[in-house]
Amino acid sequence: MTTLLADPQLHAQAAQGVQSAAWLLIAFPLAGAAILLLGGRRTDKWGHLLGVAMSLASFVVGVAVFVSMLGQPGTGRSRVVHLYQWVSVGSFKADMNLLIDPLSISFVLLITGVGSLIHIYSIGYMSHDPDRRRFFAYLNLFVAAMLLLVLADNYLSLYVGWEGVGLASYLLIGFWQHKPSAAAAAKKAFIVNRVGDFGLSVAIMLMFATFGSVSFQDVFGHASQASHGTITAIGLLLLLGACGKSAQLPLQSWLLDAMEGPTPVSALIHAATMVTAGVYLVVRSHAIFELSPEARLLVMIVGAATLIAGAIIGCAKDDIKKALAGSTMSQIGYMMLAAGIGKAGYVFAIAHLIAHGFFKAGLFLGAGSIMHGMNDDVDMRKFGGLRKVMPITFATFGLGYLAIIGFPGLSGWWTKDGIIDAAFEKGGTSGQILGWTALIGAGITAYYMSRVMFMTFFGERRWDEDVHPHESPQVMTIPLILLALGSIAAGAFLIAGDRFANFLAPVIGAPQVAHKLITPYTGVVFVLMVAGVAIAYVQYLRRPVPRTAPAGSFPVVAARKDLYGDALNESLLMRPGQWLTRLTVYFDSRTVDGLVNGVAAFVGGTSGRVRRLQTGYVRSYALSMFFGAALIVGALLLVRL
Amino acid sequence: MTGHYLVLSAILFTIGGVGVLIRRNAIVIFMCVELMLNATNLAFVSFSRMHGTLDGQIIAFFVMVVAAAEVVVGLAIIMAIFRSRKSSSVDDANLLKY
Amino acid sequence: MSGVVAAGAHQTGESVIFWVLAVASVAAALGMILVRKVVYSALLLAVVMLSLAVFYAVNEAPFLAFVQVIVYTGAVLMLFLFVVMVVGVSSTESMVETIRGQRVAAAVAGIAFVALLILGFGHATLPATTGLKDANAAGGNVLGLARLIFTKYVFAFEVTSALLITAALGAMVLAHRERITPKPTQRQLSEARIRSDRVSPLPPPGTYARHNAVDMPALLPDGTVSELSVSPVIARRRGGTHEDLHGELPEVAAKHEATTLRAVVERQVEVDSKVEEKEK
Amino acid sequence: MTPGIIAAADIPAPHLEYGRLAPILIVLGAASVGVLIEAFAPREYRYWAQVQVALLGLVGAFAWTIALSMSGTPHHVAAMGAIGIDGPTLFIQGTILVLALLSLLLVAERRHEASPFTAQASSVPGSAEERESLVAGITQTEVFPLLLFAVGGMLIFPAANDLLTMFVALEVLSLPLYLLCGLARRRRLLSQEAAVKYFLLGAFSSAFFLYGTALLYGYAGSVRLSDISAAISKQAGGEPLLLAGVALLSVGLLFKMGAVPFHVWKPDVYQGAPTAITALMASCTLVSAVGGILRVFYVGFETLRWDWRPMMWAVAILTMLVGAIVAITQTDVKRMLAYSSVAHGGFLLTGVIATNKAGLSGTLFYLAAYGFTTVGAFAVITMVRDAGGEAGHLSRWAGLGKREPLLAGTFALFLLAFAGIPLTSGFTGKFAVFQAAVAGGATPLVIVGVLSSAIAAFFYVRVIVLMFFSDPAADGPAVVFSPTSTAAVAVGALVTVVLGVIPGPALHLAQSAANQLFVR
């Protein structure tokens, strides 16, 4: 309890100096979006440059705020920038305030930093698109909304940012409107996200009903006084919101379809930033989750289930972007798991989030670079042997690959091992289950990422005849290189010496134990990683990769042949793996989609039926009114009689 | 006696209401609405005597005035639709539905 | 003592009036919604309205009773009848219900509604009737009403004028036809007429008809029907057969009429000649 | 001394506070001037004279309303107790006047066709006569005084302090609307059908309103809201009369705002009526009707709220769900917006149910926010036209975003505001009423509300997808820009955005209006 009261979120001071200019963070990209959208075709020539400039300007402000924050003592690092009073209804007040603290500034740097790199990359990637200006406008809009999300000092402003990123994501997924699949994907993303938003908005209402306020300060300050049931309900509703935005089970189905958007979008929104908003929400609301073990347990279960499901889906996809999307789900599952563990996990959740932001953005941009050279083909079965023709892409993609599979010393190793360790450290049966889940997930990660790597860059060339792969221009490769550097160093920089944990301590509490470089599980993780790589090596490098997937998704005969002929490791992992893959794909396409479609069909069917009551006969209308009148009279009279 | 009048007014009101539901001629439907208004007036007048205030009678008077205006507008509309459709059955007017 | 007796007597008298007129008005109201002919409905509504006028008088509202007779029954209902005449005096409504379940549902809703209301009234403890003696004392009923209209309800009274203007304006909009071409002068009309094929007036309808309906066509000397004798507006309106035609087509009916008439006329002529002979 | 002389001396001259009643009187006066113009001015001057009179009347009334609310004089009842001029009423009246001004812009539209209204209402649709009058280019300028009369009624309705005045106001606002509904220029059969349906059902519902009034009079011996409220707290006996009266009165009130199951007229009438009039009904009439409901339930029946709340709960839930669900399968854009308006009625009812100050201010804000958005949306509909007039069928709207990105974008903004996306006025409004309802102990209702808006988002997004993500038809409708309707769209869009981003001042206004509460 004392840590809670000492929580500087509860008594943030007014910002001064450069920090009081923090509103510029949002103002720059917002202005960019406004100018580009309202300016129309006139801004076509320099629109992309303005977009990049606005994003960079925001990054510069972010760095300045960060530096000035470092100059302050640890407990005084939470500052509030008051903008204006936004909503004031009765006793309820909501201010448009920006909360600058170590947690939000970490996100600000990630969003503006990686965001700027992706902006730069997009100059090249979108250079042939006639609507490039509009694309940059949406990107800027997204950055502004995302910054509002993480800088909000109350749930209502957060909700605004939350809906804003949803809208921007919707616009960007459907950016290539000429593809019907893109329009459908955009709509699906919007609808599925509405389910999550429903949870978040009800949670906010409930907070207001309980605490009379929705600011972080009041909610967290009084959380311990609310009944346990209320807190659990709020926690579960927040989790529902997080699941929608972060593509966690059971609301994950939109993310794979969202790959219809341009690749930089997939990198920025559907890998590095927006989809991690759910993790941010859970960590930010830690005061609520810490009071409700049930809600926390569910967070962990959702995270663990998603990390396995995402990894398995990643194994099954031949589309390089969808394979990476499955991987994103899986990695966010790790973060959720860590966030659910509690104090021991927050740091790793956020650290993994940042590291993931680097290497996954790098991987997606690398995939974009490959597509750029391969006439926008995404089928890995038609790649192969690209390492010679695309050396820079290969190198940066390779570094990202090593980082994500947890190669010792690179970013993913530091952060993912931390999560696995924290899961085991949690103790009890649940700790063991979660820990082993995370471990197995790491093995599968190594397998599917190696599969992507081998099918794309190694082996024989399986290109179509009219394809002439080439390295991308510098404007695209330089961001790749910078992101690769981040993939190498971010993990060590953050985790070694508990640097990040100490930085975040004022917000989420000090770490109880110092981080251990080598844990009992380090070896196991390493062995599983090597095994995963080995299986992929045997399957995709030792044997020719057929240009078309074997008939059916996994014909029994072929599966058997593979399994009997392979090593013990392989059969141990592969058989359940393939079985699980099939199950997961089935689950994904039938059950979850089925549920979403089923609800839609139900509502539509009801609509069709209720609609028939509007017969067009004025007498039927009068009848319904007369019945209504009788019912109302009855309802009022019979209550009293 | 007020109770008696009240019950009578309720019965007349309901008969008017049922008439709106079962008749198809727009004019008859409108006459049924007039019957409902008359039933209401009966209630007003008898309540007026019960309370010993004239307000009820005033209201009944206003209702008559309002009803007169309503009749003019209503019959004008019914005539207009009759001229274009050659029918005063409200069941024929069902282009707008669902 | 005598007051109580008088009140009791008054009560009895009122009871008699109430029960007689209540039965009559409910019966008339039921008849109104059940008879096929629109005109009958209108007349039955008049019965209800007149019964109510008596109730008003009994309930110490003499002014309203007169207004009910003069304005409501006399003017408003007549407006209804007027429109009914325009739409077609003999128009009847098929009583076959076309919307499935409408009647049953209407009956159920109606019975539920009235049962609920009466149940409610049964549980209500109404205060004793005060009577309007005091209220009507100073200057009578009309002055009492005037006092209220011009003080307490003066705003509503004034606003009613907006209602009346709207009604007048609405009737104008929907019924008044703007003249688009200038009105032809007498001279133009007569010139046009001379130039036309028919100089003489159109034959009037209903010649030799047994009744004075304007929609029975006249007969030409050869016994055929003259379409010109019926106003095209009326002719167009009448899609089906006129009920006075006894289910026959107008032409056939007209022929029958003509035969009957001829027979009648001939007999008359015979009778007349006999009378003449006698006189001689 | 004859009795007449006694009586004349006996009746005191009524005292009317002309200053307080001025907005109402100005509008009704302008309407009467319009009637005189119709009678005496030559045809060629009528249109301009009518537009100017109507504009002057509405602007003058609005200015006076502002002055009244700024004057700071203590509010009390006026016109011998018939009218209550107080904070909420002034807010509602001001809102109605501004929205009526916007609707007037659509009514006065001349660029699309000679007029949105039929050339001659008395001519039979499709007849030679109709053709002649269309060719002659005459217009039915009577619509302006009719509109002003309707607006006058709308101003009185939420201000009426007794049920008789309310009934008269109800008729004053309804009769012109019945007429206006039947005057569309295109698709006249539909328009006339809408008029006859609206009229018959409207008369039916006002009979219920009146019977409710009768029972309440029987209960309280007066139709003044404050007297009824006093009688309720005295427990006068005869509660069945009171309860049945409240129920029947609610039928009449709920009909006007279109709550389920009294919403049946709305889709048909909204679709059939001329779009300018639909805009007027969807904005001003709704504001007025909800204003009336607020006054009746906050002033008259507040002490009875434990009895009427369950009924209102049921109505609100049904209204929100039915509106949202049925809208999904609509194919006509006006009809879809009609169902959306039904659903919004349900959201408004949650604010009524709250019966607290926050509920009052939230509902007031919601009314203003929704009114502007809906007028804007209908204004857009008038601009998307093809050979047959407005292109109402949704399939005709496919790909509009590619041809007219600005207009389609604005329409998308309105739809997002209807869906309650943050930074639009719709979100702020929904939030205001929902938080009031939560504070008033109606959390389940709010959950249904959020659920219903999630369902509703589906069909709003469907239209956006249709406009932006599908290919335009070769013979698609053209967008006809005209100064007046463009102005209406622009104002609607501006207010929608401003009330979403900086709702502070407007919320404050609604709040200080609500702080006054209704006078009794």
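## Section: the overall build of chain A
Part 1 of the argument: Across its full length, chain A carries 25 helices and three strands.
Part 2 of the argument: Contacts in chain A between residues at least 24 apart in sequence constitute 81% of all its contacts with a sequence separation of at least 6.
Part 3 of the argument: If you sum the accessible surface of chain A, you get close to 21800 Å²; carbon and sulfur atoms cover 67% of it.

## Section: the overall build of chain B
Part 1 of the argument: Helix and strand counts for chain B come out as three helices and zero strands.
Part 2 of the argument: Its helices and strands in sequence order give chain B the pattern α-α-α, from N to C terminus.
Part 3 of the argument: For chain B, the C-alpha radius of gyration of 16 Å lies well beyond 13 Å, the compact-globule estimate for 98 residues.
Part 4 of the argument: Principal axes of the C-alpha set define a box for chain B whose edges measure 50 × 25 × 20 Å.
Part 5 of the argument: The buried share among the 98 residues of chain B stands at 86%.
Part 6 of the argument: Considering only contacts within chain B whose residues lie at least 6 apart along the sequence, 57% involve residues at least 24 apart.
Part 7 of the argument: Total accessible area on chain B stands at roughly 1500 Å², and carbon and sulfur atoms take up 61% of it.
Part 8 of the argument: Between the averaged position of the 7 positive side-chain charges in chain B and that of its 5 negative side-chain charges there is a distance of 10 Å.

## Considerations on the interface of chain B and chain C
Part 1 of the argument: Contacts between the two partners involve 66 residues from chain B and, on the opposite side, 86 residues from chain C.
Part 2 of the argument: Here chain B and chain C share an interface that buries about 6800 Å² over both sides, 75% of which is from carbon and sulfur atoms.
Part 3 of the argument: In this structure, the connection of chain B to chain C is made through three salt bridges.
Part 4 of the argument: Among the salt bridges present, the one from B:Asp55 reaches C:Lys152, with a minimum N-O distance of 2.7 Å.
Part 5 of the argument: Inspection of the chain B/chain C interface yields 17 residue pairs in polar contact (both at pLDDT 80 or more).
Part 6 of the argument: Put simply, the parts of the chain that give the side of chain B that touches chain C at least two residues each are helix H1 (2-22), helix H2 (26-51) and helix H3 (55-85) of chain B.
Part 7 of the argument: Top contributing element to the side of chain B that touches chain C by residue count: H3(B), with 22 residues.
Part 8 of the argument: Tallied by class, the residues present in the side of chain B that touches chain C amount to 43 nonpolar, 15 polar and eight charged.

## Re the interface of chain B and chain A
Part 1 of the argument: Every contact between the two is made by 16 residues of chain B and, on the other side, twelve residues of chain A.
Part 2 of the argument: Here chain B packs against chain A, burying approximately 1200 Å² in sum over the two surfaces, 63% of which is carbon and sulfur.
Part 3 of the argument: On the chain B side of the contact with chain A, B:Leu21, B:Asp91 and B:Tyr98 bury the most area, a combined 56% of that side's loss.
Part 4 of the argument: Our count for the chain B to chain A interface comes out at one salt bridge.
Part 5 of the argument: Note that B:Asp91 and A:Arg619 form a salt bridge whose closest N and O atoms lie 2.7 Å from each other.
Part 6 of the argument: Here chain B and chain A share three residue pairs in polar contact (both at pLDDT 80 or more) between them.
Part 7 of the argument: Ranked by the residues each element gives to the side of chain B that touches chain A, the list is headed by H1(B), at six residues.
Part 8 of the argument: Within the side of chain B that touches chain A, the residues separate by chemical class into nine nonpolar, three polar and four charged.

## Some points on the pattern of salt bridges
Part 1 of the argument: This structure, assessed with the given rule, holds 25 salt bridges over all chains.
Part 2 of the argument: The residue B:Arg49 makes a salt bridge to C:Glu60 at a minimum N-O spacing of 3.9 Å. Residue B:Arg49 is located in helix H2, and its partner C:Glu60 is located in the loop between helix H2 (38-58) and helix H3 (62-88); the two belong to separate chains.
Part 3 of the argument: Taking relative accessible area as the criterion, B:Arg49 reaches 8% and is therefore assigned buried.
Part 4 of the argument: Taking relative accessible area as the criterion, C:Glu60 reaches 23% and is therefore assigned partly exposed.
Part 5 of the argument: The network of salt bridges with common partners includes B:Arg85, D:Glu193, D:Lys197, D:Asp268 and D:Arg335.

## Side note on a nonpolar patch on the surface
Residues and elements named next belong to chain A.
Part 1 of the argument: There is a patch of nonpolar side chains on the surface, built from Ile392, Ile478, Ile481, Leu482, Leu485 and Ile488 and spanning about 460 Å² of accessible area.
Part 2 of the argument: With five residues, the single largest contributor to the nonpolar patch is helix H20 (residues 474-495).
Part 3 of the argument: One can find leucine 482 in helix H20.

## Considering the confidence of the model for chain A
Residues and elements named next belong to chain A.
Part 1 of the argument: On average, chain A scores 80 in pLDDT, and the residues at 70 or more come to 87%.
Part 2 of the argument: Model confidence for chain A, summarised as mean pLDDT per element, is weakest for helix H23 (residues 556-565) at 34 and strongest for helix H12 (residues 277-284) at 91.
Part 3 of the argument: Low pLDDT (under 50) marks residues 1-10, which in the prediction has 25 contacts with non-local residues, meaning those over four places away or in another chain.
Part 4 of the argument: Across residues 551-574, confidence stays below pLDDT 50; counting only partners more than four residues off in sequence or on other chains, it has 25 contacts.

## Thoughts on the environment of A:Asp257
All names here are of chain A.
Part 1 of the argument: Looking at where aspartate 257 falls in the secondary structure, it is placed in helix H10 (residues 253-257).
Part 2 of the argument: Residue classification places aspartate 257 among the partly exposed residues on the basis of a relative accessible area of 25%.
Part 3 of the argument: Residues aspartate 257 and glycine 212, 45 residues apart in the sequence, show an inter-C-alpha distance of 40 Å.
Part 4 of the argument: The contact partners of aspartate 257, leaving out residues within four places of it in the chain, are Ala185 and Lys188.

## Overview of the nonpolar core
Part 1 of the argument: Membership of the largest hydrophobic core comes to 545 residues, with the highest contact counts inside it found for A:Tyr155 and D:Phe301.
Part 2 of the argument: Per element, the largest residue contribution to this core is 20 residues, and it comes from H3(B).
Part 3 of the argument: If near-sequence neighbours (up to four positions away) are discounted, A:Tyr155 is found in contact with A:Ile204, A:Met207, A:Val214, A:Phe216, A:Val219, A:Phe220, A:Leu238, A:Leu281, A:Ser285 and A:Ile288.

## Brief notes about the environment of D:Leu134
Residue and element names in this part refer to chain D.
Part 1 of the argument: As for its position among the elements, leucine 134 is in helix H5 (residues 128-136).
Part 2 of the argument: Judged by its relative accessible area of 34%, leucine 134 falls in the partly exposed class.
Part 3 of the argument: Distance in space between the C-alpha atoms of leucine 134 and serine 115 is 10 Å, their sequence separation being 19 residues.

So, how was this worked out
Residues numbered from 1 in each chain as written. Chains lettered and ligands numbered in written order. Predicted model: local features only at pLDDT ≥ 70, side-chain atom pairs only at ≥ 80, totals over all residues. Heavy atoms only, no water. Helix = DSSP H or I, 4+ residues; strand = E, 2+ residues; numbered from the N terminus. Contact = heavy atoms within 4.5 Å. Areas by Shrake-Rupley, 256 points an atom, 1.4 Å probe, with all protein chains shown as cover. Rg over C-alpha atoms; globule rule 2.2 N^0.38 Å. Buried < 20%, exposed > 50% of the residue type's maximum accessible area, 1.4 Å probe, protein only. Lys, Arg positive; Asp, Glu negative; His and termini not counted. Charge placed at Lys NZ, Arg CZ, Asp CG, Glu CD. Buried area = accessible area lost by both parts, 1.4 Å probe. Salt bridge = Lys/Arg side-chain N within 4 Å of Asp/Glu carboxyl O. Polar contact = N/O pair within 3.5 Å; in protein donor to acceptor, adjacent residues only side chain to side chain. Nonpolar A, V, L, I, M, F, W, Y, C, P; charged D, E, K, R; others polar. Patch = residues over 30% accessible without salt bridge, like charges linked within 9 Å, V, L, I, M, F, W, Y side chains within 5 Å. pLDDT = per-residue confidence, 0-100. Core = buried A, V, L, I, M, F, W, Y, C linked by side-chain atoms within 4.5 Å.

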